[in-house]
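# A look at the structure
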Amino acid sequence: VDASNLLFTGSWAKRFIEKSKLSGGVSLKYLNSDLAGYKASVPMMDLGLLYPFEGGKLQGLSLAATLRNLGPSVKYETESASLPQQFILGAGYSLLGGNLVFDVDAIQTKDSGSHMAAGVEYRLFEMLRLRAGYNGKSDFVGNGLTYGMGLHFHQWNLDYAFVPFGDLGNTNRISVGLRFGKAA
């Protein structure tokens, strides 16, 4: 069975108050999907909060909360399915001056239970990031192990990820990002 998805995403984030550490963001997304010749498209949205600890004993720790995939159902011809909406609580810890980052997420998916995910990113040189991860929902995604890399330049980035899906095969995810304005 042939299947492909193309996802367009635009994101915006900002600190709520100039001197506050708490920031929030929104991603507007549009999905074009083709599943065995059946086509569908749907708009969706993510909402998130981030609180980084910038000093003291907790320096390097960040806490986050995200609502992912908010939107209407996906409709293929006469069949429809709800989006895999998720509530995620995450924590990250940065070491070695930000060159090494560990992350862990608790993910609650609407209608299909909860699982954990974890990852690590190592910044090699200024522009190269090497990544590895584990998705605890391994009953669906093969063994749960993923890996990838990213090239980061001043205003844009190129990212690649390899994600095995067991009997469904493997996916190769490629994304290009552009940054506008200055980083917070």
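Quick note: structure is the one above.
In this text, all values refer to a predicted model and were calculated from it rather than measured experimentally.

Glancing now at the pattern of salt bridges. Per the stated rule, a full pass over the model turns up five salt bridges. Note that Asp-34 is salt-bridged to Lys-39, the shortest N-O span being 2.8 Å. By relative accessible area, which is 21% here, Asp-34 ends up partly exposed. Arg-131 serves as the salt-bridge partner of Glu-121, at 2.7 Å between the closest nitrogen and oxygen. Linking Glu-121 in strand E9 (residues 113-124) with Arg-131 in strand E10 (residues 128-135), this pair joins segments that are 10 residues apart in sequence.

Pairing is antiparallel in the open sheet, where 11 strands are placed in the order E1-E2-E3-E4-E7-E8-E9-E10-E11-E12-E13. The strands lining the two open edges of the sheet, one partner per strand, are strand E1 (3-15) and strand E13 (170-178). If you compare each strand with its neighbour and ignore which way they point, the axes differ by 20 degrees on average. The pairing of E10 with strand E11 (residues 145-152) spans seven bridges and is classified as antiparallel. If you follow Gly-133 over to E11, its bridge partner there is Thr-146.

What follows is about the pairing of E13. Here nine bridges tie strand E12 (residues 156-164) to E13, and the two strands are oriented antiparallel to one another. Bridge pairing in E13 places Asp-159 opposite Ser-175. In sequence, E12 turns back onto E13 through a hairpin of five residues, with Gly-166 there showing a positive phi of about 55 degrees.

A few words on the packing of aromatic side chains. In total, this model carries three aromatic pairs according to the counting rule given. When the ring of Tyr-51 is compared with that of Phe-53, the centres are 5.0 Å apart and the planes differ by 75 degrees; the resulting orientation is edge-to-face. Residue Tyr-51 is classed as partly exposed on the basis of its relative accessible area, which comes to 30%. For Phe-53, a relative accessible area of 21% translates into the label partly exposed. Ring geometry for Phe-153 against Trp-156: centres 4.5 Å apart, planes inclined by 25 degrees, an arrangement best described as stacked. Taking the relative accessible area as the measure of exposure, Trp-156 reaches 38% and is therefore partly exposed.

What counts as what
- Residues numbered from 1 in each chain as written.
- Predicted model: local features only at pLDDT ≥ 70, side-chain atom pairs only at ≥ 80, totals over all residues.
- Heavy atoms only, no water.
- Salt bridge = Lys/Arg side-chain N within 4 Å of Asp/Glu carboxyl O.
- Buried < 20%, exposed > 50% of the residue type's maximum accessible area, 1.4 Å probe, protein only.
- Helix = DSSP H or I, 4+ residues; strand = E, 2+ residues; numbered from the N terminus.
- Pairing = 2+ DSSP bridges.
- Axes fitted to C-alpha atoms, helices over the stretch in contact; angles between N-to-C directions.
- Phe/Tyr/Trp six-rings, centres within 6.5 Å; stacked < 30°, edge-to-face > 60°.

That's the geometry; what it means functionally is another story.
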